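Results of the structural survey
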Number of protein chains: 2
Amino acid sequence: MPVTELSDPTTAEAARIRFRDRQFAAREQAIVEATHRLLAQHGYDAMSMDDIAAEVGIAKGSLYRHFPSKEALAASVMVELLERSRTALRTTPAHFSPGQRLRWLLRWTFEQRLAGSVPHLPATNSALQTALLAHKVYVDQLFALSESLGELIGQAQALGELRADLPPTFVLYSFYARACDPTLDFMRAGGTLNDDQLVEYLVSACFDGLK
Amino acid sequence: MPVTELSDPTTAEAARIRFRDRQFAAREQAIVEATHRLLAQHGYDAMSMDDIAAEVGIAKGSLYRHFPSKEALAASVMVELLERSRTALRTTPAHFSPGQRLRWLLRWTFEQRLAGSVPHLPATNSALQTALLAHKVYVDQLFALSESLGELIGQAQALGELRADLPPTFVLYSFYARACDPTLDFMRAGGTLNDDQLVEYLVSACFDGLK
DNA sequence: GTCTATACTGAGATAGAC
DNA sequence: GTCTATCTCAGTATAGAC
């Protein structure tokens, strides 16, 4: 009878542990998501651990059972974003050329930001930036993404889809910078343009220029 | 004899006052310049009033004889930058076309930043941004500059020097965004490019695009 | 007006009960 | 593991002596 097995002490114990682990993992995910929202809305400095705890609906002290510091928590958010970005890059339509892939990925990042995501790179000289550079997982993810992008850029330049007179590093950094373009925030605040049009303008301004 | 006039009590008193005023004004200028440096290097949040006082070489309390708050002090820095920008715009070579003026001004802002100036716009959602929007002088200066730029953009679009399919507001915001382009900081940190070349790349990437 | 010393606040992090 | 309560510290701003 299954009853015996269900009431078996060791099995019940194991089930309880698995359940608790799931609870713990779920809560941690909720923390990361709440932090992501606040980070996108208010930025790193303006976001306090009190705010996060309130947003999740738990006590501030409990946050520190999951993450050792505010910096580590923010790093988790950024690592998750980088992982999703790498997945997005891997899943670009197979028949796309390198140049089309880059355009496609830039469009994807704008759509993410419009949907409430945090920009990929923190503002220069911000407290967050220096904190992130100390986090190995973050730096590794960023490096991996940059490798893939650098490869695409090289191919696109060789194919004449990107200007070859610009150093690849410059193109890479510009790509990151455009992904965080504050023009998106300004225009959204203005509110006269619909989102699709805005994204097309941003992508076009990056690759085709203003002239 | 001039001696009598020099030793005249009221004249001597007036001279002392003028001297004290100059001292005061000079100190205030030193404060603004020190703040500008720290703002450019570390950003608004990371810069404390202690840092500023130490940089100037005066007591922290004395800062508050000149500026009522940290925000007001930062606003002074930004207002001064905007004033210099408007002057730069007014003094573009007379024979330049609207498009050439815009290019020229963008190049000027990059050179300013390379020389240690703070970028024109604070990071989105930063504490500084919201503080500045409450300062009337700052907002007025920014509005005046935007008016002039908007006029130039309209003319350049009419002449075919700028794409006319992009909304003028979008071009204006993009111009501001490029003036603060973090690519400049990244590349400078990398250090493989000389400054002149970097500026040309940045200007070209803005107007001509990456493609 | 400038200095030293200090009040006050907000925020990150920790301790101890349950 | 989570909660409440508290510690610690940095940072803005002010008070009072000179």
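Residues numbered from 1 in each chain as written. Chains lettered and ligands numbered in written order. Predicted model: local features only at pLDDT ≥ 70, side-chain atom pairs only at ≥ 80, totals over all residues. Heavy atoms only, no water.

The local shell around DNA strand C holds 16 residues, among which Met49(A), Lys70(A), Arg27(B), Ser62(B) and Arg65(B) are the closest. Counting only the atoms of DNA strand C within 4 Å of the protein, the fraction contributed by sugar and phosphate is 63%. His66(B) has a polar side-chain atom sitting 3.4 Å from a phosphate oxygen of DNA strand C. For the surface near DNA strand C, the secondary-structure elements that each account for two or more residues are α4 (60-66) of chain A together with α2 (9-42) and α4 (60-66) of chain B. The class makeup of the residues in the surface near DNA strand C is six nonpolar, five polar and five charged. (Near = heavy atom within 4 Å. Polar contact = N/O pair within 3.5 Å; in protein donor to acceptor, adjacent residues only side chain to side chain. Helix = DSSP H or I, 4+ residues; strand = E, 2+ residues; numbered from the N terminus. Nonpolar A, V, L, I, M, F, W, Y, C, P; charged D, E, K, R; others polar.)

This model, assessed by the stated rule, comprises four aromatic pairs over all chains. The ring of Tyr44(A) carries Lys70(A) above its face, with NZ or CZ at 4.4 Å from the centroid. (Phe/Tyr/Trp six-rings, centres within 6.5 Å; stacked < 30°, edge-to-face > 60°. Lys NZ or Arg CZ within 6 Å of the ring centre and 35° of its normal.)

With that settled, the discussion passes to the domain arrangement of chain A. When the parts of a complex come together, some accessible area is lost, and that lost area is often taken as the interface size. Residues and elements named next belong to chain A. If you check the domain split of chain A, you get domain 1 (1-67) and domain 2 (69-211). Taken together, the contact between domain 1 and domain 2 spans 14 residues of the former and 15 residues of the latter. Between domain 1 and domain 2 lies a buried interface of about 1400 Å² when both sides are counted; carbon and sulfur atoms form 71% of it. Looking only at domain 1, the three residues that lose the most surface to domain 2 are His-36, Tyr-44 and Phe-67, adding up to 47% of its buried area. Where domain 1 touches domain 2, the interface holds zero salt bridges. Between domain 1 and domain 2 we count seven residue pairs in polar contact (both at pLDDT 80 or more) in total. At the level of secondary structure, the elements contributing two or more residues to the side of domain 1 that touches domain 2 comprise α2 (9-42) and α3 (49-56). A per-element tally of the side of domain 1 that touches domain 2 places α2 first, with seven residues. Each residue belonging to the side of domain 1 that touches domain 2 can be placed in one class, and the counts come to 10 nonpolar, three polar and one charged. (Domains from an automatic or database assignment. Contact = heavy atoms within 4.5 Å. Buried area = accessible area lost by both parts, 1.4 Å probe. Salt bridge = Lys/Arg side-chain N within 4 Å of Asp/Glu carboxyl O.)

Turning our eyes to something else, we now look at the interface of chain A and chain B. Every contact between the two is made by 41 residues of chain A and, on the other side, 41 residues of chain B. Between chain A and chain B, the buried area comes to about 3800 Å², and carbon and sulfur atoms account for 62% of it. For chain A, the biggest contributors to the area lost against chain B are Phe170(A), Leu210(A) and Lys211(A); these three give 21% of the whole. Taken together, chain A and chain B are joined by four salt bridges. Asp208(B) is the partner of Lys211(A) in a salt bridge, and the nearest nitrogen-oxygen pair spans 3.1 Å. Counting across the interface, chain A meets chain B through 21 residue pairs in polar contact (both at pLDDT 80 or more). Those elements giving two or more residues to the side of chain A that touches chain B turn out to be α2, α9 (168-179), α10 (183-190) and α11 (195-208) of chain A. With eight residues, the top contributor of residues to the side of chain A that touches chain B is α11(A). Tallied by class, residues from the side of chain A that touches chain B come to 21 nonpolar, 10 polar and 10 charged.

This brings us to the relation of the copies chain A and chain B. Mapping chain A onto chain B calls for a screw motion: a turn of 180 degrees about the axis and a shift of 0.1 Å along it, with 0.1 Å RMSD after fitting. The relationship between the two copies is best expressed as a two-fold rotation axis. Among all C-alpha atoms of chain A, that of Gly209(A) lies closest to the rotation axis, at 1.8 Å. A high fraction, 100%, of the interface residues of chain A reappear at the interface in chain B, so the copies pair face to face through one surface. (Least-squares fit on C-alpha atoms with pLDDT ≥ 70 in both.)

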